[in-house]
Every structure is written in structure tokens, then in C-alpha cells.
Amino acid sequence: MSDPVISVEGLTKSYGDFTLGPVDLRIEPGYVVAVVGPNGSGKSTLFRMLMNLVRPDAGEIRLFGMRYPESEVEIKRKIGYVPERSVGHGEMTAAGLGSFVARWYDTWEPALYRDLLGRFGIEPHKRFRELSKGTQRRLSFALALATNAELLLLDEPTEGVDPFARREMLEDISRFVGDGERTVLLATHVIEEVRRLADYVVFLVDGETLGLYEKDALLESWRTLWVDRPPGDSVPGIVEVEEGTPVRIVSDSPAETAYVLRELGTTIVRTAPLDLEEILRHLMRPSKAADGAR
Ligand SMILES: Nc1ncnc2c1ncn2[C@@H]1O[C@H](COP(=O)(O)OP(=O)(O)OP(=O)(O)O)[C@@H](O)[C@H]1O
């Protein structure tokens, strides 16, 4: 069996009151995995540890079956990284940055880099600091993509980018993973990115992971049901009830919920899938409640 691209076990990192983890994660090649969580939930900290820019307090990271620090160079040559903030690029031009990054990667694609700069409207001889924030973001993205590396670690790559440019970037990511062999870990707040790109979703809330979900299975497993009367406490799977005519129910086990409702003589007027945004809101809720109870 081939090594997972990313394998993380018992990974923790604390900053004062904040603790990330323990995080356990196993990502096989060929998938796009979205890391979703509110501000300050630990997404960038996780990415920095995967890049060995921050040292974990405990736990183990393996990338392509290799470990830091002994295999740092081999690992980094297989990763294209868009950090949350690009540091030290200010005085360099897009052309200069391209030449600099190209030296590190056998897989660097100069034609793809030129094409991306052209499409993004980035003049090769302009300095990084002279570009708008969104354009700087797109340049960082172009640098990561043109590495043609096996793994992309994208930490909110479209932050500050306008909606048209964002759509183009999502298409670029889709093309990148097109052959099914490359892997992408993408931190994002943008539900559209999860919907359009992700095979799996990892939720991070206040440093805790809520597990790895298969996106399509997640979308299938939640439904809204409209019924002719309030459901009562004995009905399984109910996550939310909204009074009205009809009554609106959110269920995370719709088959069981519907079965018991029918047994009780309740009429189900209509059912519909739940959109991803609402599923995320429900999933993130229990951890908040547990926090409040502590
Ligand atoms: N170098 C550091 N020193 C002290 N605290 C830090 C440091 N880096 C991160 N933190 C803290 O760790 C927590 C998680 O931050 P992190 O940047 O990983 O979250 P995030 O999920 O990426 O947030 P956002 O969505 O806002 O980018 C925050 O409370 C942050 O203040």
C-alpha cells in the first residue's frame, strides 16, 4: 500500500490559552481536502507545522512517508505552499520570484508560470510590494501552482481576491488535480470553494478537529423535512425544529427520522437537501456548547 501524502498523529501546539489538537489526519493521494473553521481555530498553525515553520509541542507528522527534520529538502520539493502571509517577497519582482522558486523544483513549469502571470495581469518586472493585495495573493498562488508539485498546501489562497478572479483560481485548482494524482489541502472560509473543489472536509473549531467528512456523503446525510405537526422528543436524528405551518425539521439521520415520524402518523409534506453552509453551522455548534459548559 502506498504511503498517505499526509499523516498526522496526536499533533498539538499551544500558544497561551489556545491549544490546537490533538490532530489526527490521514490524507491519501489524489484528493482535495478543505480545512474549514472560524477565525483563530488553528488552520494556519496546522499548515505551518506541515511546512515545519512551527515546531509541534507533541505528535508526529509524516509527509510522503518522510519526516522532518531529516527529510526536509525532499519533502519541501514535493510541496507548493501558499502561506497565509508572504514574507520577504516585497522587493522581488514576479520574474525574480519565479526564477528563485524554479531553482528548488525539478517539476517547475515556466510556461505555466508565464501563462498564469499573463492571465492574472501581473507584469513580470513589477515588485511584489507594488501589487495590490489581491494581486499579491494571485502571484503567491501562481508560484505554488507552477511548481507542479505533488501536494499543494493552500492557506486561504483567495483571500482578498475579487469574485471573478476567485472563480478562475478555483478552475486552476481543478485543472491542477485533474489527473487524480495530485493532492490539495486548502484552508478556507469560502463555502463555494468547499462545494466546488473538496472531496473531503476537515472541521477545526477552537483548535479541535471535528473529523474528516466525505463531502458528498455529508451533503446526503442531512435533510430538511416539513411536517404537519411538532415532532415530539421521541423522534431520532432531529437537530433543529422551527415552529410554523408546516413545521420545519433539520435531521442528520433523515431515513430514521422519517420512519419514526410516519409511525407516529405525522405527514411529511416535503423534504429537501440542506445546503453546506447550514450543515457546517450545525456541526460547529456542539463544540461551542461544550465549551460553554466547561
Ligand atoms: N506565533 C504566534 N504567537 C502567539 N499566538 C499565536 C501565534 N500564531 C497563532 N497564534 C494564535 O493561535 C490561534 C490560532 O491561530 P491561527 O492563525 O492558526 O488560526 P486560523 O484558523 O488560521 O485563523 P484565521 O482564519 O483568522 O486565519 C489564535 O488564537 C492565534 O492568536
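Residues numbered from 1 in each chain as written. Predicted model: local features only at pLDDT ≥ 70, side-chain atom pairs only at ≥ 80, totals over all residues. Heavy atoms only, no water.

Draft legend 1. Region of the structure containing the domain arrangement of the protein. According to the domain assignment, the protein contains domain 1 (6-215) and domain 2 (223-273). With centres defined by C-alpha atoms, the gap from domain 1 to domain 2 works out at 41 Å. (Domains from an automatic or database assignment.)

Draft legend 2. The arrangement of the layout of surface pockets in detail. Quantified by volume, the largest pocket comes out at close to 630 Å³. Of all the secondary-structure elements, those providing two or more residues to the lining of the largest pocket are α2 (72-76), β5 (79-82), α3 (94-102) and α5 (133-146). Tallied by class, residues from the lining of the largest pocket come to 14 nonpolar, five polar and three charged. The calculated volume of the second largest pocket comes to roughly 250 Å³. Lining the second largest pocket, in full, are Glu84, Arg85, Ser86, Phe128, Lys133, Gly134, Gln136, Arg137, Ser140, Glu159 and Gly160. (1 Å grid on protein atoms, 1.4 Å probe; cavity = no way out; pocket = protein on both sides within 12 Å on 5 of 7 lines; lining within 4 Å. Points joined across faces, edges and corners; volume = space filled by probe spheres on them. Helix = DSSP H or I, 4+ residues; strand = E, 2+ residues; numbered from the N terminus. Nonpolar A, V, L, I, M, F, W, Y, C, P; charged D, E, K, R; others polar.)

Draft legend 3. Broad picture of the sheet that holds strand β4 (residues 58-63). Read across the sheet, three strands follow the order β2-β1-β4 without closing on themselves; strand pairing throughout is antiparallel. Whereas interior strands pair on both sides, the edge strands pair on one side only; in this sheet they are β2 (18-27) and β4. For this sheet, the mean angle separating the axes of adjacent strands, direction not counted, is 20°. Pairing geometry for strand β1 (residues 6-15) and β4, over five bridges, is antiparallel. Note on β4: the bridge partner recorded for Val8 is Ile61. Those strands touched by helix α1 (residues 43-50) are β1, β2 and β4, and its axis lies near 120° from that of β1. (Pairing = 2+ DSSP bridges. Axes fitted to C-alpha atoms, helices over the stretch in contact; angles between N-to-C directions. Contact = heavy atoms within 4.5 Å.)

Draft legend 4. Molecular detail of the site of the ligand. If you check the shell around the ligand, you find 14 residues, and the closest are Gly40, Lys43, Ser44, Thr45 and Glu84. Contact between the ligand and Lys43: an oxygen atom at 2.7 Å from a side-chain N or O atom of the residue. Glu84 places a side-chain nitrogen or oxygen 2.7 Å from an oxygen atom of the ligand. Taking 640 Å² as the accessible area of the ligand by itself, protein coverage stands at 63%. Of all the elements, α1 adds the most residues to the shell around the ligand, at four residues. (Near = heavy atom within 4 Å. Polar contact = N/O pair within 3.5 Å; in protein donor to acceptor, adjacent residues only side chain to side chain. Areas by Shrake-Rupley, 256 points an atom, 1.4 Å probe, with all protein chains shown as cover.)

Draft legend 5. Quick look at α5. Taking 1.5 Å per residue, 14 residues should reach 20 Å; α5 reaches 20 Å between its end C-alpha atoms and fits that length. Here α5 lies mainly inside the structure; 13 of its 14 residues are buried. In the segment just after α5, Asn148 is the residue with positive phi, at about 55°. (Expected span 1.5 Å × (residues − 1). Buried < 20%, exposed > 50% of the residue type's maximum accessible area, 1.4 Å probe, protein only.)

Draft legend 6. Seen up close, α1. Burial of α1 is extensive: seven of the eight residues sit out of reach of the surface. Those residues of α1 that sit buried are Lys43, Ser44, Thr45, Leu46, Phe47, Met49 and Leu50. Count one or two residues on from α1 and you reach Asn52, which has phi positive near 60°.

Draft legend 7. Structural view of the packing of α5 against helix α6 (residues 163-176). Two numbers describe how α5 lies on α6: the axes approach to 12 Å, and their chain directions differ by 10°. Between α5 and α6, the angle falls in the class roughly parallel. Note on element contacts: α6 touches α5 through Ala165, Glu168, Met169, Asp172, Ile173 and Phe176, opposite Arg138, Phe141 and Leu145. Looking at the contact of α5 with α6 residue by residue, the class counts come to six nonpolar, no polar and three charged. (Parallel < 35°, antiparallel > 145°, perpendicular 65-115°, else oblique.)

Draft legend 8. Local environment of the sheet that holds β5. With mixed pairing, the six strands of this open sheet are ordered in space as β5-β6-β7-β3-β8-β9. Whereas interior strands pair on both sides, the edge strands pair on one side only; in this sheet they are β5 and β9 (208-214). Averaged over neighbouring strand pairs, the angle between their axes works out to 15° when direction is ignored.

Draft legend 9. Region of the structure containing the pattern of salt bridges. For the structure shown, the criterion picks out 23 salt bridges. The closest approach of N and O atoms between Glu150 and Lys78, which form a salt bridge, is 2.9 Å. Here Glu150, found in the loop between α5 and β6 (151-155), pairs with Lys78, found in the loop between α2 and β5; they are 72 residues apart in sequence, far enough to count as distant. The shortest N-O distance in the salt bridge between Arg248 and Glu242 comes to 3.5 Å. Connected through shared salt-bridge partners, Asp115, Arg119, Arg138, Glu168, Asp172 and Arg175 make up one network. (Salt bridge = Lys/Arg side-chain N within 4 Å of Asp/Glu carboxyl O.)

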